[in-house]
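Listed here are the chains, written in short residue letters.
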Amino acid sequence: MKLLTFAIPSYNSQDYMEHCILSLLPGGDDVEILIVDDGSKDRTAEIADEYERKYPGIVRAIHQENGGHGEAVNAGIRNATGLFFKVVDSDDWVDYEAYMKILKKLRELAGGDTVLDMFIANYVYEKEGVRHKKIMRYSSLPQDKIFTWNEAGRFHKGQYILMHSVIYRTQLLRECGLELPKHTFYVDNIYVYKPLPSVKHMYYMDVDFYRYFIGRDDQSVNETNMIKRIDQQFKVTYIMIDYMTQFNLVSKPLERYMRHYLSIIMCISSVISVKSGQKEHLKMRKELWKYLYDSDKRLYRKIRHNITSCAVNLPGYVGRKATIAMYKAARRFIGFN
């Protein structure tokens, strides 16, 4: 069995995917690199096959009809042979020194008595044209030790575990029944969210591992594209609401974190609606919050009445202007799109 499987969802990625692949190859025989060609129309499939031939036993090319990012991740999970599993998007890469430290620690933890479910590390916004890169750390988490939700501490406002920062135990992803929807953007939130109730033991290493590239016009997180695909952002949010409201979570810290995560996604959906300014999108925002209220009134009150949710739901024209101003300030500070 491999120690760590990387899945690289790739669609028309010929111009940048090799940078991603090359950053993963130093893992050698400990790792498996699955390049998932999601029905590309350029040289992506050819490049994937070339690397499979050049690095047999390490790189595997998987070809499928176009199903979107989620289906490419699904294919990675289905085909993975590694004990642990990590998604790296084809325009991103990893830092060598952090990578070597993580592999060494995963080897140690894999041989221990406690089954590790989730490994967390930092990610860096590699925003094009920006000299000082924003590093997303998790200072509230215990460092360099296995811990549980009861020891995790409270996450700061706006801070949550993303696909970029997490490595899951592969079998956990399968056992929790994770299946991402096809032809849907923003499913990375479902990928991180759905396995959480199955996670018992975690480990956080304060290293800047994942390099998250921001700057291409065709990226899904580009503001224009988020408005264009607002229906998909809302679809993911509805899925997360349904998932959260079906649980009676015994662990209060886990419940608090999952509520915190859902609150952020609700706020993102609200802000995109306001940023669009279209009446139909503002109506969608209103219906989304009503759906949460009808689904779980207690959860609604806890999310709707926190500071962030109030800030992005200020009433009237002036309120929407204030929401946009706060969004722009957060974007400048963090550099998320």
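Computed from a prediction, not measured in an experiment: that's the story for all the values here. (Residues numbered from 1 in each chain as written. Predicted model: local features only at pLDDT ≥ 70, side-chain atom pairs only at ≥ 80, totals over all residues. Heavy atoms only, no water.)

What about the overall build of the protein chain?
Turning to step 1, where the next piece is worked out: Looking only at helices and strands, one finds 13 helices and 10 strands in the protein chain.
Turning to step 2, where the next piece is worked out: For the protein chain, the proportion of its 337 residues judged to be buried stands at 57%.
Turning to step 3, where the next piece is worked out: Carbon and sulfur atoms make up 51% of the accessible area of the protein chain, which amounts to about 15300 Å² in all. (Helix = DSSP H or I, 4+ residues; strand = E, 2+ residues; numbered from the N terminus. Buried < 20%, exposed > 50% of the residue type's maximum accessible area, 1.4 Å probe, protein only. Areas by Shrake-Rupley, 256 points an atom, 1.4 Å probe, with all protein chains shown as cover.)

A short note on the pairing of strand E2 (residues 31-38)
Turning to step 1, where the next piece is worked out: Taking burial as the measure, the 8 residues of E2 include 8 buried ones, the bulk of the element.
Turning to step 2, where the next piece is worked out: Of the pairings in the sheet, the one linking strand E1 (residues 2-10) to E2 comprises 7 bridges and is parallel in character. The residue bridging Ile-8 from the neighbouring strand is Ile-35, located in E2.
Turning to step 3, where the next piece is worked out: Both E2 and strand E3 (residues 59-64) contribute to a ladder of 6 bridges, which runs parallel. Bridge pairing in E3 places Ile-35 opposite Ala-61.
Turning to step 4, where the next piece is worked out: Between E2 and its parallel partner E3, the chain crosses via helix H2 (residues 44-54), and the hand of that crossover is right-handed. (Pairing = 2+ DSSP bridges. Right-handed = clockwise from strand over helix to strand, strands pointing away.)

Let's talk about the packing of aromatic side chains
Turning to step 1, where the next piece is worked out: The tally for this structure, following the rule as stated, stands at 18 aromatic pairs.
Turning to step 2, where the next piece is worked out: With a centroid separation of 6.1 Å and an interplanar angle of 50°, the aromatic rings of Phe-185 and Tyr-186 are classed as tilted.
Turning to step 3, where the next piece is worked out: For Tyr-186, a relative accessible area of 8% corresponds to the buried category.
Turning to step 4, where the next piece is worked out: A centroid spacing of 4.8 Å and a plane angle of 80° characterise the contact between Tyr-238 and Tyr-291, whose relative ring orientation is edge-to-face. You can see Tyr-238 sitting in helix H8 (residues 230-245) and its partner Tyr-291 sitting in helix H10 (residues 279-295), a full 53 residues away along the chain.
Turning to step 5, where the next piece is worked out: You can call Tyr-238 partly exposed: its relative accessible area is 24%.
Turning to step 6, where the next piece is worked out: Given a relative accessible area of 31%, Tyr-291 falls into the partly exposed group.
Turning to step 7, where the next piece is worked out: Here the aromatic residues Trp-149, Tyr-160, Tyr-193, Tyr-243, Phe-247, Tyr-257 and Tyr-261 are joined through ring pairs into a cluster of three or more.
Turning to step 8, where the next piece is worked out: The lysine or arginine in question, Lys-297, covers the ring of Tyr-293, its NZ or CZ lying 4.9 Å from the ring centre.
Turning to step 9, where the next piece is worked out: One residue, Arg-304, lies across the ring of Trp-289, its end atom 5.6 Å from the ring centre. (Phe/Tyr/Trp six-rings, centres within 6.5 Å; stacked < 30°, edge-to-face > 60°. Lys NZ or Arg CZ within 6 Å of the ring centre and 35° of its normal.)

Things to note about the nonpolar core
Turning to step 1, where the next piece is worked out: Within the largest apolar cluster, 102 residues are counted, with the highest numbers of intra-cluster contacts made by Ile-33, Phe-119, Tyr-168 and Tyr-191.
Turning to step 2, where the next piece is worked out: If we ignore the near neighbours within four places in the chain, the residues touching Ile-33 are Phe-6, Ile-8, Ile-21, Leu-24, Leu-25, Ile-58, Val-59 and Arg-60.
Turning to step 3, where the next piece is worked out: Judged by nonpolar contacts, the second largest core, of 5 residues, contains Leu-34, Val-36, Ile-62 and Ala-72. (Core = buried A, V, L, I, M, F, W, Y, C linked by side-chain atoms within 4.5 Å. Contact = heavy atoms within 4.5 Å.)

Structural notes on helix H4 (residues 96-110)
Owing to its 3.6 residues per turn, the α-helix aligns residues three or four sequence positions apart on the same side.
Turning to step 1, where the next piece is worked out: End to end, H4 covers 21 Å across 15 residues, agreeing with the expected 21 Å (1.5 Å per residue, within 8%).
Turning to step 2, where the next piece is worked out: Among all positions of H4, only Ala-98, Tyr-99, Ile-102, Leu-103, Lys-105, Leu-106 and Leu-109 are buried.
Turning to step 3, where the next piece is worked out: Capping the start of H4, Asp-95 holds a side-chain oxygen 3.3 Å from the backbone nitrogen of Glu-97, two or three residues further along. (Expected span 1.5 Å × (residues − 1). Polar contact = N/O pair within 3.5 Å; in protein donor to acceptor, adjacent residues only side chain to side chain.)

A few points about the packing of H8 against H10
Turning to step 1, where the next piece is worked out: Two numbers describe how H8 lies on H10: the axes approach to 10 Å, and their chain directions differ by 5°. By the angle between their axes, H8 is roughly parallel relative to H10. Residues Ile-230, Asp-231, Phe-234, Thr-237, Tyr-238, Ile-241, Asp-242 and Thr-245 of H8 pack against His-281, Met-284, Arg-285, Glu-287, Leu-288, Tyr-291, Leu-292 and Ser-295 of H10.
Turning to step 2, where the next piece is worked out: Here the residues of the contact of H8 with H10 sort into 8 nonpolar, 4 polar and 4 charged. (Axes fitted to C-alpha atoms, helices over the stretch in contact; angles between N-to-C directions. Parallel < 35°, antiparallel > 145°, perpendicular 65-115°, else oblique. Nonpolar A, V, L, I, M, F, W, Y, C, P; charged D, E, K, R; others polar.)

Points about the pattern of salt bridges
Turning to step 1, where the next piece is worked out: Counting across every chain of the model gives 15 salt bridges.
Turning to step 2, where the next piece is worked out: Residue Asp-206 is joined to Arg-137 by a salt bridge in which the shortest nitrogen-to-oxygen separation is 3.3 Å. Residue Asp-206 is found in strand E10 (residues 202-214), and its partner Arg-137 is found in the loop between strand E7 (134-136) and strand E8 (146-147); the two are separated by 69 residues along the sequence.
Turning to step 3, where the next piece is worked out: Judged by relative accessible area, which is 33%, Asp-206 ranks as partly exposed.
Turning to step 4, where the next piece is worked out: Here Arg-137 falls in the partly exposed class, since its relative accessible area comes to 39%.
Turning to step 5, where the next piece is worked out: Through salt bridges with shared partners, a single ionic network connects Asp-95, Glu-126, Lys-133 and Arg-211. (Salt bridge = Lys/Arg side-chain N within 4 Å of Asp/Glu carboxyl O.)

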